Amino acid sequence: MGELNSTKPRLTPQEVPQFSQYAARSLNAMASGTTVQDLIERFQKEPVTREAMRSRLEKIDDPEMLDMVMRQLRREVMTTLIVRDLTAHADFHEVVSTVTALAEETVSAAVRVHSRKLAQRFGVPVGVSGEPQDLLVVGMGKLGGEELNVSSDIDLVFVYDEGGETQAIGEFASARRQVTNHEFFD
């Protein structure tokens, strides 16, 4: 990790809500059972790790639950970054690597959850070679360069190996409607 910018003004934890309306609103919303200052101090002490993000997302298999948890996770990650940045506890590398990890983990979870949901209905996409097909997601631009910042959008390219049709196989043997791989991944 790079050094923190020593010329950057450092705010006290008590000053953070004054400098970011987003952080102030988010901290108030998250402060159930604790104080805003306790949250700020907790966020200031340690960054949100990729492993912590993955842990929050990996057990979810319901699309609606995933949507809710991803919104909560985004708020927590962004608020933590704001707190750590304003109190000079996060450097540039921490900010971009954390935002990049958030994007990668949430995209991965969304593909996993929605692919399973579609497979329950349509079956598993199988290529003309007879091999099951997966959707691959390629991050372009700042995501691909691991340089996302808090205001970045993401550019994604979605690819799969080959055409074919879904098949009701394995744990998805009860799928009732066959579609082309293109329709499935679209």
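This structure is a prediction, so every number in the text was calculated from the model and none was measured. (Residues numbered from 1 in each chain as written. Predicted model: local features only at pLDDT ≥ 70, side-chain atom pairs only at ≥ 80, totals over all residues. Heavy atoms only, no water.)

With respect to a nonpolar patch on the surface
On the surface, a cluster of nonpolar side chains totalling about 360 Å² of accessible area is made up of L136, V138, M140, V157 and V159. Only β2 (136-140) and β3 (155-159) provide two or more residues apiece to the nonpolar patch. Ranked by residues supplied to the nonpolar patch, first place goes to β2 with three residues. Mapped onto the secondary structure, V157 falls in strand β3. (Patch = residues over 30% accessible without salt bridge, like charges linked within 9 Å, V, L, I, M, F, W, Y side chains within 5 Å. Areas by Shrake-Rupley, 256 points an atom, 1.4 Å probe, with all protein chains shown as cover. Salt bridge = Lys/Arg side-chain N within 4 Å of Asp/Glu carboxyl O. Helix = DSSP H or I, 4+ residues; strand = E, 2+ residues; numbered from the N terminus.)

Describing helix α2 (residues 21-30)
When α2 is considered as a whole, its buried residues turn out to be A23, S26 and L27. Summarising the axial view, the buried residues of α2 lie within an arc of 100°, below the 170-degree limit, and thus occupy one face. More than 90 degrees from the buried face of α2, the exposed residues found are Q21, R25 and N28. Packing partners of the buried residues in α2 comprise α1 (16-19), α3 (36-45) and α5 (63-86). (Buried < 20%, exposed > 50% of the residue type's maximum accessible area, 1.4 Å probe, protein only. Arc of directions from axis to C-beta. Contact = heavy atoms within 4.5 Å.)

What to know about the packing of aromatic side chains
Per the counting criterion, the structure on display carries two aromatic pairs. On the numbers, 4.7 Å between centres and 35° between planes, the contact of Y160 with F185 is tilted. With Y160 in the loop between β3 and β4 (164-167) and F185 in helix α8 (residues 181-185), this pair connects stretches of sequence that are 25 residues apart. Pairing F184 with F185 gives two aromatic rings, centres 5.3 Å apart and planes at 90°, and the pair type is edge-to-face. There is no split in this pair, since F184 and F185 are both buried. One aromatic cluster is present, built from ring pairs that chain together Y160, F184 and F185. (Phe/Tyr/Trp six-rings, centres within 6.5 Å; stacked < 30°, edge-to-face > 60°.)

Description of the packing of α5 against helix α6 (residues 92-122)
Two elements in contact, α5 and α6, have axes separated by 11 Å at closest approach and are oriented at 180°. When the axis of α5 is compared with that of α6, the two are roughly antiparallel. Contacts between α5 and α6 involve P63, L66, M70, L73, R74, V77, M78, L81 and R84 from the first element and E94, V95, T98, V99, L102, T106, A109, A110, V113, H114 and K117 from the second. Its residues placed into classes, the contact of α5 with α6 shows 13 nonpolar, three polar and four charged. (Axes fitted to C-alpha atoms, helices over the stretch in contact; angles between N-to-C directions. Parallel < 35°, antiparallel > 145°, perpendicular 65-115°, else oblique. Nonpolar A, V, L, I, M, F, W, Y, C, P; charged D, E, K, R; others polar.)

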